[in-house]
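Summary of the model geometry
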Amino acid sequence: MTAAMDIKIIRAASSKFAGMDLKGIAFGKYFSDHMLEADYIDGQWQSAVIRPYQPLSLSPSVAALHYGQAIFEGIKAYKDPKGNPSIFRPHDNFIRFNISAERMQMPAVPEELFMQGMFQLVRLDQQWIPPYTDHSLYIRPFMFSSDELIGVRPSDNYKFLIILSPTGPYYAAPMKIWVEEKYVRAVSGGVGFAKSAGNYGGAMYATAQARKRGYDQVLWTDPVEHRYVQECGTMNVFFIIDNKAITPDLSEGTILAGVTRNSVMTLLQERGFQIEERPIDMGEVMAAYKSGSLKEVFGTGTAATISLIKELCYKETVMQFDVDSWTTAPAIKKQLTDIREGRIDDTHGWMQPV
Ligand SMILES: *Cc1c(COP(=O)(O)O)cnc(C)c1O
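This write-up is about the structure you can find in this document. (Residues numbered from 1 in each chain as written. Predicted model: local features only at pLDDT ≥ 70, side-chain atom pairs only at ≥ 80, totals over all residues. Heavy atoms only, no water.)

Overview of the overall build of the protein
Threshold: Helix and strand assignments follow DSSP, with helices taken as H or I runs no shorter than four residues and strands as E runs no shorter than two, numbered in order from the N terminus. Any residue under 20% of the maximum accessible area for its type is buried, any over 50% is exposed, and the rest in between are partly exposed; the area is computed with a 1.4 Å probe on protein chains only. Here, two residues are considered to be in contact whenever any of their heavy atoms come within 4.5 Å of each other. In short, Shrake-Rupley with a 1.4 Å probe defines the accessible areas, and a residue's cover is counted only from the protein chains shown.
On a plain count of helices and strands, the protein comes out with seven helices and 19 strands. Along the longest, intermediate and shortest principal axes, the C-alpha atoms of the protein span 60 × 50 × 35 Å. The buried share among the 354 residues of the protein stands at 53%. In the protein, of all internal contacts separated by at least 6 residues, the share reaching a separation of at least 24 is 71%. Entry remark: accessible area of the protein is about 15,900 Å², with carbon and sulfur atoms responsible for 51%.

Thoughts on the side chain of Arg-96
Here Arg-96 is to be found in helix α2 (residues 90-103). Once residues lying within four places of it in the same chain are set aside, the contact partners of Arg-96 are Glu-73, Lys-195, Leu-256, Ala-257, Gly-258 and Val-259.

Quick look at unusual backbone geometry
In this structure, Gln-105 takes a positive phi of about 55 degrees despite not being glycine. As for its placement among the helices and strands, Gln-105 is situated in the loop between α2 and α3 (111-124). Gln-105 gets classed as exposed once you look at its relative accessible area, which sits at 52%. For His-226, which is not glycine, the phi torsion reads 50 degrees and is therefore positive. Structurally, His-226 can be placed in the loop between β11 (217-221) and β12 (229-232). Under the relative-accessibility criterion, His-226 is labelled buried at 10%.

Let's talk about the site of the ligand
Condition: To be near a molecule or strand, a residue needs just one of its heavy atoms within 4 Å of it. Polar contacts, as counted here, are pairs of nitrogen or oxygen atoms within 3.5 Å of one another; within protein the pair requires one atom able to donate a hydrogen and one able to accept it, and residues that are adjacent in sequence qualify only if both atoms are side-chain atoms. Ten residue types, Ala, Val, Leu, Ile, Met, Phe, Trp, Tyr, Cys and Pro, are classed as nonpolar, four, Asp, Glu, Lys and Arg, as charged, and the remainder, Gly among them, as polar.
In the vicinity of the ligand lie 15 residues, with Lys-195, Tyr-200, Glu-231, Thr-260 and Thr-302 positioned nearest. A distance of 2.6 Å separates an oxygen atom of the ligand from a polar atom in the side chain of Thr-260. The side chain of Thr-302 places a nitrogen or oxygen atom 2.5 Å from an oxygen atom of the ligand. If the ligand stood free it would expose 380 Å²; the protein chains cover 96% of that surface. Looking at side-chain class alone, the shell around the ligand contains four nonpolar, seven polar and four charged residues.

Thoughts on the environment of Asp-39
Residue position: Asp-39 is located in strand β2 (residues 34-41). Separated by 20 residues in the primary sequence, Asp-39 and Gly-19 place their C-alpha atoms 34 Å from one another. Sequence-distant contacts of Asp-39, that is, excluding residues within four places in its chain, are made with Gln-44, Trp-45, Gln-46, Tyr-158 and Lys-159.

Quick notes on the pairing of strand β9 (residues 158-167)
Convention followed: Paired strands, in this sense, are two strands between which DSSP finds at least two bridges.
Counting buried positions over the ten residues of β9 gives ten, a clear majority of the element. Of the two faces of β9, the one holding Tyr-158, Phe-160, Ile-162, Leu-164 and Pro-166 and the one holding Lys-159, Leu-161, Ile-163, Ser-165 and Thr-167 are both buried throughout. Where β2 meets β9, five bridges bridge the pair, whose relative direction is antiparallel. Bridging across to β9, Glu-37 finds its partner in Leu-161.

What to know about the pairing of strand β15 (residues 274-277)
The criterion, for reference: Classification remark: right-handed applies to a crossover when, strands pointing away from the viewer, the course from the first strand over the helix to the second runs clockwise.
As defined by bridge partners, strand β14 (residues 244-247) adjoins β15 across four bridges and the pair is classed as parallel. The residue bridging Thr-247 from the neighbouring strand is Glu-277, located in β15. The β-α-β motif built from β14, the intervening helix α5 (residues 259-270) and the parallel element β15 has right-handed crossover chirality.

Considering a nonpolar patch on the surface
Going by this rule: Think of a patch as exposed residues, more than 30% relative accessible area, with no salt bridge, where like charges cluster within 9 Å and nonpolar side chains (Val, Leu, Ile, Met, Phe, Trp, Tyr) cluster within 5 Å. By convention in these notes, a salt bridge is any Lys or Arg side-chain nitrogen within 4 Å of a carboxyl oxygen on Asp or Glu.
A contiguous nonpolar surface patch, about 340 Å² in accessible area, is contributed by Tyr-67, Ile-150 and Val-152. Locating Val-152 in the fold gives a position in the loop between β8 (136-145) and β9.

Concerning the environment of Phe-97
With respect to the helices and strands, the residue Phe-97 is situated in helix α2. Judged by its relative accessible area of 0%, Phe-97 is buried. In this structure, the C-alpha to C-alpha distance between Phe-97 and Thr-234, residues 137 residues apart in sequence, is 16 Å. Contact partners of Phe-97, with chain neighbours within four places excluded, come to Ile-71, Phe-72, Glu-73, Val-109, Phe-114, Pro-141, Phe-142, Met-143 and Phe-160.

Some details on the packing of α5 against helix α7 (residues 328-340)
Note the cut-off: Here, axes are lines fitted to C-alpha atoms. For helices the fit covers the stretch in contact, and angles between N-to-C directions go from 0 to 180 degrees. For classification purposes, an angle smaller than 35 degrees is called roughly parallel, one larger than 145 roughly antiparallel, one from 65 to 115 roughly perpendicular, and anything else oblique. Crossing handedness is defined as follows: a turn of the near helix away from the far one that is anticlockwise and smaller than a right angle gives a left-handed crossing, while the clockwise case is right-handed.
As a packed pair, α5 and α7 sit with axes 11 Å apart at the nearest point and diverge in direction by 110 degrees. The angle between α5 and α7 falls in the class roughly perpendicular. Regarding α5 and α7, the two cross each other, and that crossing is right-handed. Taken together, the residues of α7 that come into contact with α5 (itself represented by Thr-260, Ser-263, Val-264, Leu-267, Leu-268 and Glu-270) are Thr-328, Ile-332, Gln-335, Leu-336, Ile-339 and Arg-340.

Comments concerning α2
The condition that has to hold: Helix span, as expected, comes to 1.5 Å for every residue beyond the first.
Taking 1.5 Å per residue, 14 residues should reach 20 Å; α2 reaches 20 Å between its end C-alpha atoms and fits that length. Residues of α2 that are buried: Pro-90, Asn-93, Phe-94, Arg-96, Phe-97, Asn-98, Ser-100 and Ala-101. Taken from the residues just after α2, Gln-105 is the one with a positive phi, measuring 55 degrees.

Focus on the nonpolar core
Our working rule: We call a set of buried Ala, Val, Leu, Ile, Met, Phe, Trp, Tyr and Cys residues a nonpolar core when their side-chain atoms join them within 4.5 Å.
Counting 45 residues, the largest nonpolar core has Leu-219, Phe-239, Leu-268, Phe-298 and Leu-312 as its most contacted members. Other than its neighbours up to four places away in sequence, Phe-298 contacts Asn-236, Val-237, Phe-238, Ile-240, Val-264, Leu-268, Ile-306, Ser-307, Leu-308, Ile-309 and Ala-329.

Remarks on the pattern of salt bridges
A full pass over the atoms with the stated rule returns 18 salt bridges. Measuring nitrogen to oxygen at the nearest pair gives 3.1 Å for the salt bridge that ties Arg-227 to Glu-225. Residue Glu-225 is classed as partly exposed on the basis of its relative accessible area of 43%. Arg-261 is paired through a salt bridge with Glu-277; the nearest N and O atoms lie 2.6 Å apart.

What follows is the structure in structure tokens.
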């Protein structure tokens, strides 16, 4: 980490925490006592402030609301059995945040602002990390353009914030997935690799259509032939075929380079799987299903860690899986949770003490 930063802290007069039981708390609905805020004005990041969590006052003309220069990240902090807090691979999210920023013509956030800001905030609000298994404190850094001007051009001013939300077990029931053949999430040359707000708004219509048909989520495919797999909702996707673990490669720039994806690839490799990052044709998936060599299909992401996929529907073909008989994805999920919650050794240096 680079030079120490002066971050002003204005403490909340009282904590909302008193007497609150965080056990089983729903994701994304409750926020900790403090937030971090920093403004970018006239080409300069101004000093950051940690202040009580509170509404922002914004002009109706603020640029992000009109033209969508807005990006975010999702990271989690955990407590080990002794109650010591740590954060899972935060530096990877920092790097990805600035990749998103560049694609959206937004200023890079300095490493010390992002990292020290996050650590100071989490340290201050560490009582909000639920001390239970499968619980965590979700960290949401985000940035948006804040020019008060309706004009289509990159803003001169931006706001960077970090907010914290305690979260209980994300009950990830095995999912039924609709392999999308009509709508598109991302194209080569587009913004699919950026965690930019508009990607999520743009995905909601197709997801709603899939829900009407009884499916939980959409598996996006390439925009030309609707044959090559991209990713699934807000998760990367893996197929276990024989002793190979196959996941779409990042070269088209159409999918998010997930930190969970990267971690799961490492753990699969350590278990003896051969990892292949390459284009995946749905024809190959269907053939592997028919021959019995398709063993497991699952999604990976910070929210649910690993979500098993119990059904895939592509064109007229429905592929169903007996997820209760699977061994790999459930074992990796447990291993990753045990590393994060400090029950087994973190041999990869993924956990950063707060
Ligand atoms: C955040 C996200 C992921 C998962 O990334 P992680 O770093 O593993 O949380 C995958 N796909 C999309 C579209 C995402 O927004």
